[in-house]
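Observations on chain architecture
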Amino acid sequence: MEYRYGSHTVFQIEYHFVWVTKYRYKVLTGEIAERIRDLVRETCEAFEIRIVKGVVSKDHVHILVSCPPTMAPSEIMRRIKGRTSSKLFEEY
């Protein structure tokens, strides 16, 4: 068990998120899957979110993250999905 420390807190908060593509189309393959992996890592580093484990499948993404207690689960997903989707739409 790995605890994280803030200025006045000790915490271990982990969330398991799964999100799917529209109509479960199998589009997350090859170069796109690699790019999603990179974008999720970049986003998590920017907002002090640690990725414990993650998998990009053909039609969905699993991610287990550890985050500070100041971030709500909805805010985490808004940042990750919003940033990755906008970058992917620009590039592909």
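Figured I'd write up the structure that's included with this text. (Residues numbered from 1 in each chain as written. Predicted model: local features only at pLDDT ≥ 70, side-chain atom pairs only at ≥ 80, totals over all residues. Heavy atoms only, no water.)

1. As for the environment of Gly6
- Tracing the backbone shows Gly6 in the loop between β1 (4–5) and β2 (10–11).
- C-alpha of Gly6 to C-alpha of Pro69: the two residues are 63 residues apart in sequence and 9.3 Å apart in space. (Helix = DSSP H or I, 4+ residues; strand = E, 2+ residues; numbered from the N terminus.)

2. Some thoughts on the packing of aromatic side chains
- If you walk through the whole model with that rule in mind, you get two aromatic pairs.
- Ring centres of Tyr23 and Tyr25 lie 5.6 Å apart, and the angle between their planes is 65 degrees; on these two criteria the pair is classed as edge-to-face. For the residue pair Tyr23 and Tyr25, the accessibility class agrees, reading exposed in each case. (Phe/Tyr/Trp six-rings, centres within 6.5 Å; stacked < 30°, edge-to-face > 60°. Buried < 20%, exposed > 50% of the residue type's maximum accessible area, 1.4 Å probe, protein only.)

3. Things to note about the state of the cysteines
- Across all of its chains, the model carries zero disulfides by this definition.
- Cys44 takes part in no disulfide bond, and the closest cysteine sulfur, belonging to Cys67, lies 9.7 Å away.
- By relative accessible area, which is 1% here, Cys44 ends up buried.
- Its relative accessible area of 0% is what places Cys67 among the buried residues. (Disulfide = S-S within 2.5 Å.)

What is shown is where atoms sit, not what they do.
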